Amino acid sequence: MKWSNEQLLVDETLYFTGNGYIGLRGNFEEGYGTGFDSIRGTYINGFYETIDIAYGESAYGFPKTAQKMVNVTDTQDLRIIIGDEDLSFFTGEIIDFKRDLDIYKGISTRKVHWKSPKGRELKLTFYRMTSFVTLELALFKVTLESINYEGPVFFISGINGDVENYINPNDPRVASGHGKLLTVTEVKANEKIGSITSETKRSGHRVTTLVGHSNPGQVDEHLNKVEWAFSKTIRQGQTETLTKYVVFTDSIRHEEPYKAGRDLLEQALGLTFEDHASRQKKYLDDFWKYSKIRVKGNVSIDEALNYSVYQLLSSAGKDPFSNICAKGLSGEGYEGHYFWDTEVYMLPFFTLTNPKIAKNLLKFRYETLPYARERAKEMGHNKGAKVPWRTIKGTECSAYFPAGSAQYHINSDVAFAYIQYYLLHKDMDFLKAFGLEVVYETARIWLDMGHFNDDGDFMIHCVTGPDEYTAIVNNNYYTNAMAKYHLTWTVRLAKDLRDFDEDAYESLMERIQGSLDELSQMEIAARSMYFEYDEKLGVFMQDDSFMNKPSWDFSNTPKDKYPLLLHYHPLTIYRHKVLKQADTLLAMLLLDDVQMDVFERCYDYYEPLTTHDSSLSPCVYSMAASRIKRSHKAYEFFNKTVRLDLDNLHHNTKDGLHIANAGGAYMAVVYGFGGLRIKADGIHLNPHLPEELEGVAFSVNYGGTLIHVELGDKIIVNGELEVKLYIYDRPYVLKGHMEVNYE
Ligand code: BGC
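In this text the structure is predicted, and so the values were computed from the model without any measurement. (Residues numbered from 1 in each chain as written. Predicted model: local features only at pLDDT ≥ 70, side-chain atom pairs only at ≥ 80, totals over all residues. Heavy atoms only, no water.)

*Asks:* Can you explain the overall build of the protein chain? Please cite residues and give values.
*Replies:* When its secondary structure is counted, the protein chain shows 18 helices and 30 strands. Its C-alpha atoms give the protein chain a radius of gyration of 27 Å, within 12% of the compact-globule value 27 Å for 743 residues. When the backbone C-alpha atoms are referred to their principal axes, the protein chain occupies close to 90 × 60 × 60 Å. Of all 743 residues assigned to the protein chain, the portion counted as buried reaches 63%. For the protein chain, contacts bridging at least 24 residues in sequence account for 67% of all contacts bridging at least 6. Summing over all exposed atoms, the protein chain offers an accessible surface of approximately 28000 Å²; the carbon and sulfur share of this is 48%. Distance between charge centres in the protein chain, computed from 81 positive and 103 negative side chains, equals 2 Å. (Helix = DSSP H or I, 4+ residues; strand = E, 2+ residues; numbered from the N terminus. Rg over C-alpha atoms; globule rule 2.2 N^0.38 Å. Buried < 20%, exposed > 50% of the residue type's maximum accessible area, 1.4 Å probe, protein only. Contact = heavy atoms within 4.5 Å. Areas by Shrake-Rupley, 256 points an atom, 1.4 Å probe, with all protein chains shown as cover. Lys, Arg positive; Asp, Glu negative; His and termini not counted. Charge placed at Lys NZ, Arg CZ, Asp CG, Glu CD.)

Quick look at the structure:
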């Protein structure tokens, strides 16, 4: 077997194990051979260091500092010595090698049948899991079976606090500096357990990493590192096992991380790996009940899709201090930042299947609202909140404003996710406790930054839409359309809360100094929102200037010049008609508010101009193609989406999974093939199954009721309780079982 370094790095990402709090890259415990690189990483969601942003030329309101996710203490270390030989799969002979991530058990395994250079034959299995039941807990287990060897073996298991972050000065999607972020402050160890506490100097956070083993070993303390040695004598046919228990606790969540961690470790040590595995399985059985997508007759698509779904779960923060990083917890791309990716691409999955996680993710924007209010002031707005383009703790971390702070649409993306959650779950407590406040505060920005022209049209200038290859424009279609929805719904939600609980409504309005007058301004702005429409083409323009730009010369752009952002100056790109990702079409899809013929013309106009240099693009085009019943195209884009990381289609999977794309794979099925939309009057389905698929089935948690949708020869819907829903815009009352023909 010949190792490829590129594939090893990709596999570190693909086989990452995470639970939304901890993320462990799929590194080999024992390391690689000399000359091979590894991005050895362990991350804690929301745990960051503050770093300076260096500008050649700064300007007013540029953020001065950013947050960066920290690579924390390495607990993967495990050396195995067979007699006098170090185990390394880069020496000797590999007879068999198999890696697996079981998404139904939540355990990853590496099975190796190996012959050492001296001919000692062994079978090893490395197991690991990050617990969904106790988020601070990770477990490693190794079994070693001797085929033909008799003699001593040593397991040397360690924790290492001497860690650094990965940097790459040549790729803007990865950090170029700030490698060393963590300093060890305390090491404790005895034969049973040990710990390393480290801190981030500027943000002042601490993380304690505690380790225990299934049996006591001989402890050896080094500078910033502890090792335990376990010596055994093995006979032919015999198997030896070692289990390592790891707990991470940090000062963002715990006042006394060491104490909290110690208690958790003691509890964890009371159970075997198998006990923890069976708890994990139970958690996942519940999860899959709502989340599983079944693809009939195509095992590989089924696996790839559910892999994406699983990675959404593994990446999603499940406490008020965290959200979902663009790369989940699988790598360091985008420095662990949270973007609009969460609200537009990932939340639809959680809103539809797991409202508890959805609500927590939504709440993050409420927890960080004070920072967004401050940011609004910095950006020159008297009132309201401006959601940061990228962040961990809540402040703006984007250093490049044309494709960062200028993406004001994020305000409405957040509101959109709030509104969708509310419409599906009718959760009045949510609306009352924080829902309306976030929607209202973020809506205010539009009144302040937009203006009415002489014809009474409401215009929004100087923004960047989702398409980052077109920057700082007037009346970006996506921004205006989403702002219109946002403003309209702010007014409706305010009314809903007033009707539901007038006191709560009054007290909120008093606290944020809202008024009926302001609400009516919002209504007028929404009603008067301007959209640039080209009569000749019958197409909505992406912005006011788009039509007059020359087209990008696609025919003379060689394949190796993509993504364009790595090969052309931004201005070269900005002055052309060329899209990095879906923009106008995305708004039309999410809002479902334009006529089919207009939508189809827009698809034909924008699709050839789109490079899909962003992984957030193909899934949108798949949904768009589904909507206009271009089933081959829909499938083609879907296939690219679902295989994007598995086949490393963007050549940067080593830096982490593209989690928005994982959410996009889910959406391509449920929103695309299923044509699902959440509207004011309930769930709408508009199914269209591509010929390439025999059938797909998915479930939805509709305000606490399980609805199961199957698309095969017919559309079959099953429901636990009686619910109203729409299929091809016709109302149905679902009672148990229903079958409808395709249109
Ligand atoms: C995309 C953004 C996205 C970011 C993080 C960029 O390449 O253009 O839309 O938010 O990646 O995933």
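*Asks:* I'd love a proper account of the layout of surface pockets, names of residues and values included.
*Replies:* Reported here for the second largest pocket is a volume of approximately 700 Å³. Contributing to the lining of the second largest pocket are 23 residues, with Tyr562, Thr611, His612, Asp613 and His650 lying nearest its centre. No other element matches the four residues that helix α17 (residues 631–643) contributes to the lining of the second largest pocket. Taken together, the residues that form the lining of the second largest pocket break down as nine nonpolar, six polar and eight charged. (1 Å grid on protein atoms, 1.4 Å probe; cavity = no way out; pocket = protein on both sides within 12 Å on 5 of 7 lines; lining within 4 Å. Points joined across faces, edges and corners; volume = space filled by probe spheres on them. Nonpolar A, V, L, I, M, F, W, Y, C, P; charged D, E, K, R; others polar.)

*Asks:* Break down the sheet that holds strand β24 (residues 682–685) for me, with residues and values.
*Replies:* A sheet is described by the order of its strands in space; here four strands give the open sequence β23-β24-β28-β29, paired in mixed fashion. With one partner strand each, in any of the chains shown, β23 (677–679) and β29 (730–734) form the two edges of the open sheet. Each neighbouring strand pair of the sheet contributes to a mean axis angle of 35 degrees, computed without reference to strand direction. (Pairing = 2+ DSSP bridges. Axes fitted to C-alpha atoms, helices over the stretch in contact; angles between N-to-C directions.)

*Asks:* Kindly report on the pattern of salt bridges, identifying the contributing residues and their values.
*Replies:* Inspection of every chain in the model, using the stated rule, returns 47 salt bridges. We note a salt bridge from Arg40 to Asp74, for which the minimum N-O separation is 2.6 Å. Pair noted here: Arg40 is in the loop between β2 (22–24) and β3 (42–52) and Asp74 is in the loop between β4 (65–71) and β5 (78–82), with a separation of 34 residues, a long-range link. A relative accessible area of 24% means that Arg40 is categorised as partly exposed. With a relative accessible area of 7%, Asp74 lands in the buried category. Look at the salt bridges and you will find they share partners, linking Arg373, Lys383, Glu437, Glu441, Arg444, Arg511 and Glu518 into a network. (Salt bridge = Lys/Arg side-chain N within 4 Å of Asp/Glu carboxyl O.)

*Asks:* Tell me what's going on with the nonpolar core, and back it up with residues and numbers.
*Replies:* Within the largest apolar cluster, 168 residues are counted, with the highest numbers of intra-cluster contacts made by Trp340, Phe350, Leu676 and Val717. The leading source of residues in this core is helix α9 (residues 428–449), at 13 residues. Setting aside residues no more than four positions away along its own chain, Phe350 makes contact with Leu312, Leu313, Ala316, Ile324, Pro355, Ile357, Ala358 and Leu361. Among the nonpolar cores identified, the runner-up in size contains 50 residues, and Leu8, Phe47, Phe140 and Val184 belong to it. (Core = buried A, V, L, I, M, F, W, Y, C linked by side-chain atoms within 4.5 Å.)

*Asks:* Would you mind going over helix α18 (residues 659–673) in detail, with residue names and values included?
*Replies:* Each turn of an α-helix holds 3.6 residues, which means side chains three or four residues apart point in the same direction. Here α18 spans 20 Å end to end across 15 residues, near enough to the 21 Å set by a 1.5 Å rise per residue. When the local axis directions of α18 are compared, the greatest deviation, roughly 35 degrees, occurs at Met667. Burial analysis of α18 places 15 of its 15 residues in the buried class, the great majority of the element. Remark: Gly675 follows α18 within two positions and exhibits a positive phi of approximately 60 degrees. (Expected span 1.5 Å × (residues − 1). Bend = angle between axes of the 7 residues up to and from the residue.)

*Asks:* Can you tell me about the side chain of Asn19, naming the residues and giving the values?
*Replies:* Within the secondary structure, Asn19 is located in the loop between β1 (17–18) and β2. A polar contact is formed between the side chain of Asn19 and the backbone oxygen of Ser131, at a distance of 2.7 Å. In contact with Asn19, not counting residues within four places along its chain, are Thr130, Ser131, Phe132, Thr134, Leu135, Leu137, Leu313, Ser314, Ala316 and Lys318. (Polar contact = N/O pair within 3.5 Å; in protein donor to acceptor, adjacent residues only side chain to side chain.)

*Asks:* Before we move on, could you go through unusual backbone geometry and cite the residues and values that matter?
*Replies:* Put simply, Tyr562 and Pro563 share a cis peptide bond, and its omega is -5 degrees. Locating Pro563 in the fold gives a position in the loop between β22 (539–540) and α13 (570–574). Of note in the backbone geometry, Asp592 takes a positive phi value of approximately 50 degrees without being a glycine. Among the secondary structure elements, Asp592 is positioned in the loop between α14 (584–591) and α15 (596–606). Overall, Asp592 belongs to the buried group, its relative accessible area being 18%.

*Asks:* Describe the site of the ligand, with residues and values.
*Replies:* Ala326, Tyr334, Phe339, Trp340, Asp341, Trp389, Glu468, Lys580, Gln581, Ser614 and Leu616 make up every residue found near the ligand. Contacts to the ligand include Glu468, whose side-chain N or O atom sits 3.2 Å from an oxygen atom. For the ligand, the protein covers 92% of the area, taking 310 Å² as the surface of the free molecule. The class makeup of the residues in the shell around the ligand is six nonpolar, two polar and three charged. (Near = heavy atom within 4 Å.)

*Asks:* Provide a residue-level description of the sheet that holds strand β30 (residues 737–740), including the pertinent values.
*Replies:* With respect to topology, five strands assemble into an open sheet ordered β18-β25-β26-β27-β30, the strand pairing being antiparallel. Bordering the open sheet on either side are β18 (294–296) and β30, each of which pairs with just one other strand. Going from strand to strand, the sheet's axes swing by 15 degrees on average, the running direction of each strand aside. As judged from the five bridges shared by strand β26 (residues 705–711) and strand β27 (residues 715–719), these two strands associate in the antiparallel manner. Paired with Ile707 across the two strands is Gly719, which belongs to β27.

*Asks:* Now, about the packing of aromatic side chains: what can you tell me, with residues and values included?
*Replies:* Summed over all chains, the structure comprises 47 aromatic pairs. Ring plane angle 85 degrees and centroid distance 5.8 Å describe the contact between Phe89 and Trp114, whose orientation is recorded as edge-to-face. Of this pair, Phe89 sits in the loop between β6 (85–86) and β7 (93–102) while Trp114 sits in strand β8 (residues 107–115), and the two are 25 residues apart along the sequence. For Trp114, a relative accessible area of 0% corresponds to the buried category. Cluster of aromatic residues (ring-pair linked, three or more members): Trp3, Phe28, Tyr32, Phe36, Phe90 and Phe97. Of note, Arg110 hangs over the ring of Phe126, and the distance from its end group to the ring centre comes to 4.0 Å. A cation over an aromatic ring shows up here: Lys188 above the ring of Tyr258, its NZ or CZ 3.7 Å from the ring centre. (Phe/Tyr/Trp six-rings, centres within 6.5 Å; stacked < 30°, edge-to-face > 60°. Lys NZ or Arg CZ within 6 Å of the ring centre and 35° of its normal.)

*Asks:* Which residues make up the packing of helix α16 (residues 618–627) against α17, and what values do they have?
*Replies:* Running from N to C, α16 and α17 cross one another at 160 degrees; their axes reach a closest spacing of 8 Å. Taken together, α16 and α17 sit at an angle that is classed as roughly antiparallel. Where α16 crosses over α17, the two elements pack in a sense that is left-handed. Contact residues: Pro618, Cys619, Tyr621, Ser622, Ala625 and Ser626 in α16; Lys633, Ala634, Phe637, Phe638, Lys640 and Thr641 in α17. Of the residues contributing to the contact of α16 with α17, the split by class is seven nonpolar, three polar and two charged. (Parallel < 35°, antiparallel > 145°, perpendicular 65-115°, else oblique. Left-handed = near helix turned anticlockwise from the far one by under 90°.)

*Asks:* I'd love a proper account of the pairing of strand β15 (residues 218–222), names of residues and values included.
*Replies:* With five bridges joining them, β15 and strand β16 (residues 225–234) adopt antiparallel strand pairing. Counted as the bridge partner of Gln218 is Ala229 from β16. The antiparallel hairpin formed by β15 and β16 contains two residues in its connecting segment, where Asn224 sits at a positive phi of about 60 degrees.

*Asks:* Could you give an account of the packing of helix α4 (residues 299–315) against α18, naming the residues involved and the relevant values?
*Replies:* Two numbers describe a pair of packed helices, the interaxial angle and the distance between the axes. Relative orientation of the contacting elements α4 and α18 amounts to 130 degrees, with a least axis distance of 9 Å. Comparing the axis directions of α4 and α18 gives the class oblique. Of the two possible hands of crossing, α4 and α18 adopt the one that is left-handed. Along its contact with α4, which presents Leu305, Ser308, Val309, Gln311, Leu312 and Ser315, the element α18 presents Ile659, Ala662, Gly663, Ala665, Tyr666 and Val669.

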